[in-house]
Each structure stands twice: as structure tokens, then as C-alpha cells.
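Here are the chains, one letter per residue:
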Amino acid sequence: MRGATPELLSLLQRNPANIRNICILAHVDHGKTTLADALVASNGIISQRMAGKLRYMDSREDEQIRGITMKSSAISLIYNYSKDEYLINLIDSPGHVDFSSEVSTAVRLCEGAIVVVDVVEGVCPQTHAVLRQAFLENIKPVLVLNKIDRLIVELKMEPMEAFYHLQQILEQVNLVTNELFTVEAMEKSAVEVDDNGGNMSQIHEWTTDEDEENRNIYFCPDQGNVIFSSAYDGWGFSISDFAVLYASKLGINQEVLKRTLWGDFYLNTKTKRIMKGAQIKGKKPLFVQFILENLWSVYDTIYVRRDKEKTEKIITSLGLKILPRDMRHSDSRVQLQAVCSQWLPVSDAVLRVVVSKLPSPLAMSEERVEKLMCSHMRKFESLPSETQSLKQSFLTCSASEESPVIVFVSKMLPVDKKLLPQNKQRPLTAAEAAERRRKAREKMAEKLATQNKEQTTTEANTLHGESYEISLPENDTDSEEKGPDFVFIAFARVFSGTVRKGQKLYVLGPKHDPALISRKLQSGEEIKEATSIQELSHDDHVTCVTIKDLFVLMGRELEEMDHIPAGNILGIRGLEDHILKSATVSSSLMCPTFCDLYFDAAPIVRVAIEPIHTRDMQNLVTGLKLLNQADPCVQVLVQETGEHVIITAGEVHLQRCVEDIKERYAKIDINVSSPIVPFRETIVPPPKLDMVNEAISDRRQVLNKKDSEDEEVIEVGLVEVTTINRRCTLRIRAVPLPDDITRLLEENQNLIKTMGQISKSQGKGKGWLEVHQNVIDSIREFKCQLNKVFKGSGKMWRDAENQMWSFGPKRVGPNVLLNRVKGYDRANVWDCVETKQQELKLRQYDNSIISGFQIATLAGPLCEEPLRGVCFIIEEWDYIRSSNSISYDEDVQKLEVTDLNSCDNTMSESPSDVVSSETVQDGDDTESETKSSDSESEPSEQRQRMGHSHMSGQLIYCVKAACRKAFQTQPQRLMVAMYKCNIQATAEVLGKLCGVLGKRYGRVIEDTMKEGSQIFNIKAVLPVVESFGFTEDMRKKTSGLASPQLVFSHWEVVDVDPFWVPTTEEEYAHFGEKADSDNRALHYMNQVRKRKGLKVDEKIVEHAEKQRTLTKMK
Ligand SMILES: Nc1nc2c(ncn2[C@@H]2O[C@H](COP(=O)(O)OP(=O)(O)OP(=O)(O)O)[C@@H](O)[C@H]2O)c(=O)[nH]1
Ligand SMILES: [Mg+2]
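1. Regarding the coordination of the magnesium ion (ligand 2)
Here is step 1 of the chain: The coordination sphere of the magnesium ion (ligand 2), as far as protein atoms go, consists of Thr33 (OG1) and Thr69 (OG1), spread over 1.9 Å. Of the two residues, Thr33 sits in helix α2 (residues 32-41) while Thr69 sits in the loop between α3 (61-66) and β2 (73-81), which places them 36 residues apart along the sequence. Assigned by exposure class, Thr33 and Thr69 land together as buried.

Here it is in C-alpha cells:
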């Protein structure tokens, strides 16, 4: 049988009780696709011999080449179990961290999951992540402990050792489950406490039926939700499979065996009774005696010792029929696979567990339905009653005509047009073939007659060619030439009702709100029925679509259907104008949109893309639009500079996106910029050692020169500036923030943002009491933490938290502006939550100081990257000419008016000093603004306003310049973003691995040996900027043993001064006069400067003659 016939599929789809929608989840390379192969082979879609080698679900060429899955794809399989036929809709998902969004799209459509764990590698970061995903979506998992053959063949464990090892792995997995469960239970109890007005007796309620819950939540072989397997060798089993086998052999009750085959039980041979306490009494547990030892002996006989005679015996005793060609095969692994896959077929073991342990679509829990129907911000009860009543449709999963159609589309799948059933070549019948041949011959004869040329060879070739051409439907060849050669198929699931071809349905956008629609309908307003997203106005979120084609997804193929009932996974054609990435489709406008998918990895790697030929620009734009639609995770944007930028989850994802743009979506040649990696700039306390580790006795002198008229360095870190109009003087100091403070600021970024919003709303007169008490408490707590750290950081930080003027950049960043101006008692950032004793007035232009600080922290002097961990202190803020003690507030208006002329003069005198265009208008602009401004307004008013903007602009510029200068007088450093990665490697490759890491400025921070194995678990960090090609390099150097997964961790200072030059004799001796040996910080800095088009100081070739001498001497 080659898969199921459409008729059978259609029949099974109508019985939800016998449907299982499941996905396979795991860390990368743990064997998902290999396992899927075995399941696919059980339906005859691929041959048993090719199972595990073909990786049928990896249909993309690059998936096959790289050996990793990059997208989730579905297939429908049939399974017969105890006289019933089941329909298994299976989704294989990728395990690589870059494609974790594809996992999100898969779990949303399923009720159950098969979580695969490689028993050698154990629980890895993505195992953790997928278990969490399954948990968040309320779907039930079963566990497959895969690659057990590696314990025998590679690690050469004894059965007893392997048993303890498997126990450990199981414990690790259950630990993760336990963690997830506990957090959820605590959150739930907290909500209950809130709902009950703080009734504390509710807190422990969830623990009462803990035992009952545990049985469902944990993976226990005796519960039948764990499968032991080697997908590669084609075998697998669960405890109950062996319980059935041994029940009759040993004469022991099957149920007793199910409970005791796994665990600390042994068989007392004298009494023929099963006893507890195998470990203490030094006995062999049943699992070892009856299962593992048998397996080990099969491997030993067939694979290791290649004992032909004994192999025959095993085959007969197990009652197997192995094909002679398999037994003759020179590779003993093939023989082993032939025997094992017949003895304990993995597909049977897995599918048996799937149908008996995983829920059908009918068993969807109320909790899951409510979660799907409304986001966590909103209560289910707050939805309109018609919407609430839809919950019943989800629960009954009814396909009847009366049930509303509810479909969720989780992604848009690009499918080759050639694969559409309409365009598929079908084998010709004998009569058709004869007719075609006759036609071809006639055509050929005509051709020959006109051309009068040689025939024989041409005839054969052309005949061959034409028969192929004709077999394609003619009308379609035309349409293919016009549009792209792929179509979007919506990857979806029917939750209620039956979807039919030609049916008219609503596509509900993410902002669709049934409550709003209900109000509109009540007031008799018409709901517009747009036919594509483009037609929607900004407050419409519903489009109307007629369903074109429906498909069952069959791995690499599609099976066309007329209708598909509730409870099934399907493909829908014709939604590309209605859906960007995901959507809800329904026959009812009262249907809410499903809650958002949980995405684990945020896109971080950004590159700019441009066509090689400018004429291809339009194709690129269209291509990027298609890419954005097809990929759940990629972000496509156009920067202010006009550059097209894509942001991807990682290097592998980036490569796939670029390939897709070139080959599929835009079909043009493109230039891809090297990845744009963010840096940070900071200052550090003066170093105590020089570059050759000698103590620095005297602080190097900071040049105390006056760079310009308006700027003066008073001492290291302190700068005095005067505005161009010479009215205002400031003293600004830059100091490194204590590390703990910077970290606190970063961790509390959201809180800082909220503080800003509260202050803003207070400004609008809303009052602070409206803010939720929780928020106020956390802000106060944050202040206390800062206070504690500042206290422990030395005298200079005393009371610093009360002097905080602003955070930056963007008012939320990890840099601080402090106010230490004598006599200026300014309100601080905590004002939003503190009861005010008295109203503290802000000086005029206070905001300009903040703006200057924001600009300075947004782009530092090294390479215009944001600052991190820098504190700027305003120590003085005066008027130079305000000697006649006029207070600032009273004085300022007069000053501005009188100032105007002098200011303009100053500017025209020194045009190079004109403030930067991004902050303030220059003199000319103001001039033109004056001319064109409203002629009716009072000239003096105008002048005042102008004066104000001038003064404000000048101040912003001054603050920015002073901050920069103060920053530059301190030891400046570049900071790099660091990835953390977990690598597993054997002892032999450890050295090479450290070598690869070291070359890329990474380092190992922890290495532990896995118990009971030769494998090391290594935690390392590595700069993001050095990470490109790292995985590939690592695989090559360690013969594919170590495969790291990179995740952003933190920022780290590159401890080299980018401007360093040798000064001491030792330094000269060590680094030479030019000090041109690699300065890493300088190298990064120059790279960024070049990319941004900033000036770069680089020596090109010096001492060329020296190189010549070298060659001569050869
Ligand atoms: N020894 C052994 N190797 C296995 C087994 N199962 C899979 N493999 C090998 O592990 C590698 C990865 O297998 P895949 O099935 O592609 O793994 P995957 O989980 O689908 O990987 P991604 O989709 O990239 O996350 C392949 O080389 C397989 O041959 C097994 O049971 N034993
Ligand atoms: Mg795979």
C-alpha cells in the first residue's frame, strides 16, 4: 500500500475519536526525522530499507545537504490497532534553535507530542524548550528515549550500566516537567488568592490531588508513556510490549509485569515471585534481565561478532522471516536492522502508545479552549455571550452543518506548483500512450517533410521529449510562466464544523474583537467585507474569502479533498491575500482570534540586502514580502537609510532566508552585507597594569588643552562647556557606573519605561494614584536595591539614587544622568511614586539637558554605538554673564530676546561650529522660518520663541559635546555581545574544541563530565561578532562531535584600549614601534566605522621595503 486512498482518508477524518494530531519534538539531531521515516515506512510510502536514510520529511534540498530539519511539515498516516483504524496526522518539527518558531506553529495544531531524547546527550537546551512549548499549549507528551544503540555500540556499556543511565535520563526529563508544573501551579494558586481577596487558605489547594496529577504529568515507563528505541536501527518498545510477551512465558500476570518490568524489582527464581529491592540485594532488575540483556546479545551476535550460526538461531527463535538478500548483505548493521525492525518494529511501538495514551480531538480540555480563545490579559467571562458559547463547538469537535466553522492557520507554506495535484503527472493508460505516440509520429512526419533533414536519431530524441511535454496539462504551463512557480498553502487545523471547497468564510485579523463587531451589528452598522488585506481600513480587521482548494498534507505531496471536517490538519489554497503569517478563519464573526503563538527565539542577526543590478529592485521588494509571509520568524524592514534589512534568528536561519530570496522569492542575484552586530561603548576605571603587565606608576596625563573656545577639560573625566552664545556654562563629569548598578538598570528596563509613562501621565494631570499598587511597590523595591548597591560602592555614590535626573538612551537605557548642581533642587526620577512634600520647580531648559544626554548616550565617540554603564554628573549649570544675580527663571526671557542677534553673529563667524543638524536648526533655517512665519503674530513674541529654540538647541548640543568629551578623557572601551553555548563533546576532541573557542576569543566557563559516560558537558561564552562560521568550524575540527547552540547571554568589555600605543620601553620591545600587532578593539571599531561611513584612521602600507628584504633573503 502506498499511503491511504483519498476515500479512506475522508472516511477516517469523519471519526474524531480515532484521530490523533501529534507532533515530534526534540533537541537538534536527536532523531525526530529518522523516527518519522519509520512511521512513514509503516504506511508503505517509503520502503522499510530506506527508513532512517531517506529522511522523507526533509523535503528541501538544503535540509538534506545539511542534515537538519528547517521547517515543520505534516503527513497523514493510517494505523490499525485492536480492530480499529486510526488516522494519525503527524508533524515533524525542527530541533535547531534558529527554527524554534516552526515548533510553535506545529504544537498549536496538535493535541499530543512525541518528545524524543537522545540517551547519550540527555536533556539539552531545546529539549527543555520544547517541553515548555508543549506545556504552554496544554498538549500531552509521550517520551521516546532514542539512540539506545549508541550505549551498546559507541559507549560499550554493560546492560546494568545502561539501565542506571536510562534511569538518570528519565529523571532529568521529569525534573524539567516538574519545574514547569510547579511554576504553573504556583501561578494558578496566586491567581486564586487574588480572586478570593487574598484568602491564604487557598494557596496550598493544588497540592491536595498532587498524586493524581503526577500520574499524568510525569514520564513513567510503567505508565506506558515511555518508549525505548533506536530509530536508526528500526526497533522500539514500551514496557507493556514486553509485559505481554513475558506474561505467558513466566506465567505471571500481565498487569503485575507492567508495573514491575521497570524499576527496582527482581525475580526470585526459587519462588517464581517478583520482589522489590534489586539494588540493595545486588540482584538484576527485571528490565536488565529480560529486556536489555536480550538486546545486548542480539547486537553482540549479529553486529559485533557476526556469528552466522547464532544469528540463524536468534531469527528462528524469534519467529522472524528475514529476506535472504538482507542476510547476505556485507554490512552487518543492515543484517541487524533487518532483524531488529522485524522483532520490535519502532513504528508499532510508537503508534500503539500514541493511540492509547494521547488524546483525540474530542478530549480537548476546557482550559485549553479558554486559553486559545482569549489572551491572558483578558478574562474568558468578559467575552460576548455568543463568543463564549463557541466554546461548546470546540469541545464537541462537531463536523455537522450547524456547527460554526473555526479554523486556525498557523503559517503559510510555500509549495511548488508542480506538486499541486492538478499539475501532477499521472501515469498514462495504454490507450492514451498509443494515441500520444501516434500524434507524435504524425507531427514528426510533418516536420520531416518541411525540413527535409536526417531523421533516425532526431526522431527518437524528439519523440521522447514530446511525450514528456504533452503529459503536462497545457493550460497550466502557460500560467506557470506568468506567476511565481510556487503557491502559498495555509497550514491549518479545523477546530469546529466542516470546511468545504467554495465556502465563504471570514478571515479574522489579530486585532479583530467580537465585542466590537457585536456592538456594530446591534447599532445596524454594516460590516465591510474586504477581499484582501490591502483593502482594509485601519479599524477593519475582517476579510472575506471563498475557499479555493483543500488538501490533506502528505509529506512531500498533497492530496486534494472536497471537504475536511473538524479535528483534522489540512492545507488551504487561496489565502495569500488574506493572511500575513497566521490567522483565524471562521464562518462566524463572533469567533475571537486565537491567542498569539508563543515564540521562543527573538530575531537578532541582521543583514542588509541589495540587488546586484539596480533594475532588480522591484523584484527584491516583492521577494522580501513573500519571504516575510512564508517564514514565521523573520523580520523584514526598510531602514531610514533606505536599506532593506532582514532580521533572522541565527546564522543558519539567515543562510536559509538568503537562499530562499535568491532561488525562490525574488530569483535575482543579491549582495548580502556581513551581519550587523551591535556593540556598546563604555568607560572603565584606569588600568593598574600596562600591556606587558608592568604596574603603571603614574597616571598618564590627559591633555589639558583647550580643544576649542567652548570646551575645556578641567581634570580626568570633568569637562566645562559654554554655549555658543556664551550665556550658559556647564560642568559635566563622566564616571563608570558600578557593574551591579548597570545590571540592575538592564534587568529593570521595563520598570524604568513604566516610570517614564507614569511621569508623563502625571504631567497630563491624571495623577499617580491610578497606577496599580503592584507597580508602585516594584518601583520602590527597585529604588531600594539601587540604594543598597550605591551604598556599597564608595563615598562618591552616596545618595546617588536621589540625584537621578534621567536614564539613557531612549530614556530607559543603562546609563544615568545625575544632578549635583548646587542650589538646584530638582525633582528626581522617583517622583512618580513619591508623595511630594513641596512642588519642586524645574528650571527652564531642564529638558534640553536631558535631550543632550540622550543623544550622547545613543551614539558614543568610538563608533557611534550606544553607551552602556556610564554615569554623567552635571556639577555646575551657570550663566557666565549673569553676574548681576538675576535668577535664572526671571532672567531667561529677557536674555533670549537680547541674545538673538549676537547668537546669529556667532554662528556666521564660525560655520564649522554650527550645531549638528539632527538636534537643532542652524541659523539659516531659523532665518527662513522667521520670514515665512505667520505675519499676524507679534514680532516680539516670534523673537522670543526663536530665542527659546536657539537657546534650547545650543544647550542640547553643548551637553552632548560635553558628555562625549568627558567620556573621552576616561579610558574608553568597546563592549561585545556574548553568546552562551552548551557543547557536548568527548574527551578526545576537548582540546580541539578549546582551540576553536580560543581562536574566536571565547572561553570555557564550566566543564562537567556526564555521569556514566565519556562525554563532557561544556558551557562556554563567545562574542557574537566572532560567532559566524563557528558551528561549521567546530563540526569540522571535532569531526562533527560537538554541535553548539548559540543563545545571547550578556555584554562584555573588550579589555584593550582601542587607542593604545606603546609608551614604556618594555612595551616598545614587545609590540614594536608601530604597535601594529592586532588590536582587537581597534579592529572591531574600525569595522563598524567603515560600515557607517565614518572616518577611519588606518595605516595602509608602511615600510614596504622591509617586505622586499624578506623575499630577497629567501
Ligand atoms: N545511532 C543512532 N543514530 C541515530 C538514531 N536516530 C537518528 N540517528 C542519527 O542522528 C542524526 C540526526 O537524525 P535526524 O533524524 O535528522 O534528527 P532530527 O531530530 O530530525 O534533527 P533536526 O530535525 O535537525 O532537529 C542522523 O545522522 C541519524 O542517522 C538512532 O537511533 N541511533
Ligand atoms: Mg529533523
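2. Quick notes on the site of ligand 1
Here is step 1 of the chain: Near ligand 1 lie 19 residues; those nearest to it are Lys32, Thr33, Thr34, Thr69 and Asp149.
Here is step 2 of the chain: Within the side chain of Thr69, a nitrogen or oxygen atom sits 2.5 Å from an oxygen atom of ligand 1.
Here is step 3 of the chain: Contact distances for ligand 1 include 3.3 Å between an oxygen atom and a side-chain N or O atom of Ser230.
Here is step 4 of the chain: Protein chains bury 85% of the 640 Å² of accessible surface belonging to ligand 1 in isolation.
Here is step 5 of the chain: Those elements that provide at least two residues to the shell around ligand 1 are α2 and α6 (148-153).
Here is step 6 of the chain: Here the shell around ligand 1 gets 3 residues from one element, more than from any other, and that element is α2.
Here is step 7 of the chain: Residues that form the shell around ligand 1 fall into these classes: 4 nonpolar, 9 polar and 6 charged.

3. Here's the deal with the nonpolar core
Most often, soluble globular proteins keep nonpolar side chains buried together rather than apart.
Here is step 1 of the chain: Counting residues in hydrophobic clusters, the biggest one holds 121 residues, and the most contacted among them are Ile88, Ile114, Val499, Ile572, Leu575, Ile646 and Ile661.
Here is step 2 of the chain: Considering every element that reaches this core, the biggest residue donor is strand β31 (residues 972-986), with 9 residues.
Here is step 3 of the chain: For Leu575, the contacting residues outside a window of four places in its chain are Val409, Met412, Ala490, Val507, Val545 and Val585.
Here is step 4 of the chain: Counting 59 residues, the second largest nonpolar core, distinct from the first, contains Leu166, Ala243, Leu261 and Trp262.

4. Details of the packing of helix α12 (residues 286-304) against helix α13 (residues 308-318)
Here is step 1 of the chain: Between α12 and α13, whose axes approach to 9 Å, the crossing angle comes to 135°. In terms of axis orientation, α12 runs oblique to α13. Between α12 and α13 the crossing geometry is left-handed. Across from Val298, Thr301 and Ile302 in α12, the residues of α13 making contact are Lys310, Thr311 and Ile314.

5. A closer look at the pattern of salt bridges
Here is step 1 of the chain: Tallied over the entire structure, the rule returns 41 salt bridges.
Here is step 2 of the chain: Of the charged contacts, one joins Asp58 and Arg55 as a salt bridge, the two residues approaching to 2.6 Å between their closest N and O atoms. Residues Asp58 and Arg55 agree in their burial class; the two are buried.
Here is step 3 of the chain: Between Glu401 and Arg500 there is a salt bridge, and its shortest N-O distance comes to 2.6 Å. Pair noted here: Glu401 is in the loop between α18 (385-396) and β10 (406-416) and Arg500 is in strand β12 (residues 498-500), with a separation of 99 residues, a long-range link.
Here is step 4 of the chain: Take Glu401: its relative accessible area is 57%, and that puts it in the exposed class.
Here is step 5 of the chain: The exposure class of Arg500 is partly exposed, given its relative accessible area of 31%.
Here is step 6 of the chain: Several salt bridges converge on common partners, so that one network encompasses Arg60, Asp62, Asp631, Arg656 and Asp660.

6. Structural notes on the packing of aromatic side chains
Here is step 1 of the chain: Per the counting criterion, the structure on display carries 25 aromatic pairs.
Here is step 2 of the chain: Aromatic side chains Phe228 and Phe287 sit 5.0 Å apart centroid to centroid with 50° between the ring planes, which places their arrangement in the tilted category. In this pair, Phe228 sits in strand β6 (residues 226-230) while Phe287 sits in helix α12, placing the two residues 59 residues apart along the sequence. We note that Phe228, like Phe287, is buried.
Here is step 3 of the chain: Considering the side-chain rings of Phe495 and Phe594, the 5.2 Å spacing of their centres and the 55° angle between planes classify their relative orientation as tilted. Remark: Phe594 occurs in the loop between β19 (583-586) and β20 (605-611) and Phe495 occurs in strand β11 (residues 486-496); sequence separation between them is 99 residues.
Here is step 4 of the chain: Taking the relative accessible area as the measure of exposure, Phe594 reaches 6% and is therefore buried.
Here is step 5 of the chain: Taken together, the ring pairs in this structure connect Phe163, Tyr164, Phe228, Trp235, Phe237, Phe242, Tyr246, Trp262, Phe287 and Phe290 into an aromatic cluster.
Here is step 6 of the chain: Over the aromatic face of Phe491 sits the side chain of Lys411, whose NZ or CZ is 5.4 Å from the ring centroid.
Here is step 7 of the chain: Lying across the ring of Phe495, Arg493 places its NZ or CZ 4.5 Å from the centre.

7. Comments concerning unusual backbone geometry
Here is step 1 of the chain: In this structure, the amide linkage connecting Gly808 to the following residue, Pro809, adopts the cis form with an omega of -5°.
Here is step 2 of the chain: Within the secondary structure, Pro809 is located in the loop between β28 (804-808) and β29 (815-819).
Here is step 3 of the chain: Located in the positive-phi region is Glu864, a residue other than glycine, with phi close to 60°.
Here is step 4 of the chain: For Glu864, the position within the fold is in the loop between α28 (846-858) and β30 (870-879).
Here is step 5 of the chain: Relative accessible area serves as the criterion here: at 30%, Glu864 is assigned to the partly exposed category.

8. Some points on the environment of Val334
Here is step 1 of the chain: With respect to the helices, strands and loops of the structure, Val334 is situated in helix α15 (residues 332-343).
Here is step 2 of the chain: Its relative accessible area of 18% is what places Val334 among the buried residues.
Here is step 3 of the chain: C-alpha of Val334 to C-alpha of Asp233: the two residues are 101 residues apart in sequence and 8.4 Å apart in space.

9. Quick look at the packing of helix α23 (residues 617-630) against helix α24 (residues 651-665)
Here is step 1 of the chain: Across the interface, α23 lies against α24 with an axial gap of 10 Å and an inter-helix angle of 120°. Relative to α24, the element α23 lies oblique. Classified by chirality, the crossing of α24 by α23 is right-handed. Within the contact between the two elements, α23 uses Leu620, Gly623, Leu624, Leu626, Leu627 and Ala630 and α24 uses Cys657, Asp660, Ile661 and Tyr665.
Here is step 2 of the chain: A class-by-class count of the residues in the contact of α23 with α24 yields 8 nonpolar, 1 polar and 1 charged.

10. A word on the side chain of Thr1031
Here is step 1 of the chain: Structurally, the position occupied by Thr1031 is in helix α33 (residues 1030-1037).
Here is step 2 of the chain: The class for Thr1031 is buried, based on a relative accessible area of 19%.
Here is step 3 of the chain: Sequence-distant contacts of Thr1031, that is, excluding residues within four places in its chain, are made with Pro1044 and Leu1046.

11. A short note on the confidence of the model for the protein chain
Here is step 1 of the chain: This prediction gives the protein chain a mean pLDDT of 80; 78% of its residues lie at or above 70.
Here is step 2 of the chain: In the predicted structure, residues 193-210 sits below a pLDDT of 50 and forms 12 contacts with residues beyond four places in sequence or in another chain.
Here is step 3 of the chain: Taken together, the stretch residues 881-937 has pLDDT below 50 and engages in 69 contacts with residues farther than four places along the chain or on a different chain.

12. A few points about the pairing of β2
Here is step 1 of the chain: In terms of residue burial, β2 counts as a mostly covered element, since 7 of its 9 residues are buried.
Here is step 2 of the chain: With 9 bridges connecting them, β2 and strand β3 (residues 84-92) associate as antiparallel partners. If you follow Ile75 over to β3, its bridge partner there is Leu90.

Rules of the game
- Residues numbered from 1 in each chain as written.
- Chains lettered and ligands numbered in written order.
- Predicted model: local features only at pLDDT ≥ 70, side-chain atom pairs only at ≥ 80, totals over all residues.
- Heavy atoms only, no water.
- Donors = N, O, S within 2.8 Å, 3.2 Å for Na, K, Ca; no water.
- Helix = DSSP H or I, 4+ residues; strand = E, 2+ residues; numbered from the N terminus.
- Buried < 20%, exposed > 50% of the residue type's maximum accessible area, 1.4 Å probe, protein only.
- Near = heavy atom within 4 Å.
- Polar contact = N/O pair within 3.5 Å; in protein donor to acceptor, adjacent residues only side chain to side chain.
- Areas by Shrake-Rupley, 256 points an atom, 1.4 Å probe, with all protein chains shown as cover.
- Nonpolar A, V, L, I, M, F, W, Y, C, P; charged D, E, K, R; others polar.
- Core = buried A, V, L, I, M, F, W, Y, C linked by side-chain atoms within 4.5 Å.
- Contact = heavy atoms within 4.5 Å.
- Axes fitted to C-alpha atoms, helices over the stretch in contact; angles between N-to-C directions.
- Parallel < 35°, antiparallel > 145°, perpendicular 65-115°, else oblique.
- Left-handed = near helix turned anticlockwise from the far one by under 90°.
- Salt bridge = Lys/Arg side-chain N within 4 Å of Asp/Glu carboxyl O.
- Phe/Tyr/Trp six-rings, centres within 6.5 Å; stacked < 30°, edge-to-face > 60°.
- Lys NZ or Arg CZ within 6 Å of the ring centre and 35° of its normal.
- pLDDT = per-residue confidence, 0-100.
- Pairing = 2+ DSSP bridges.

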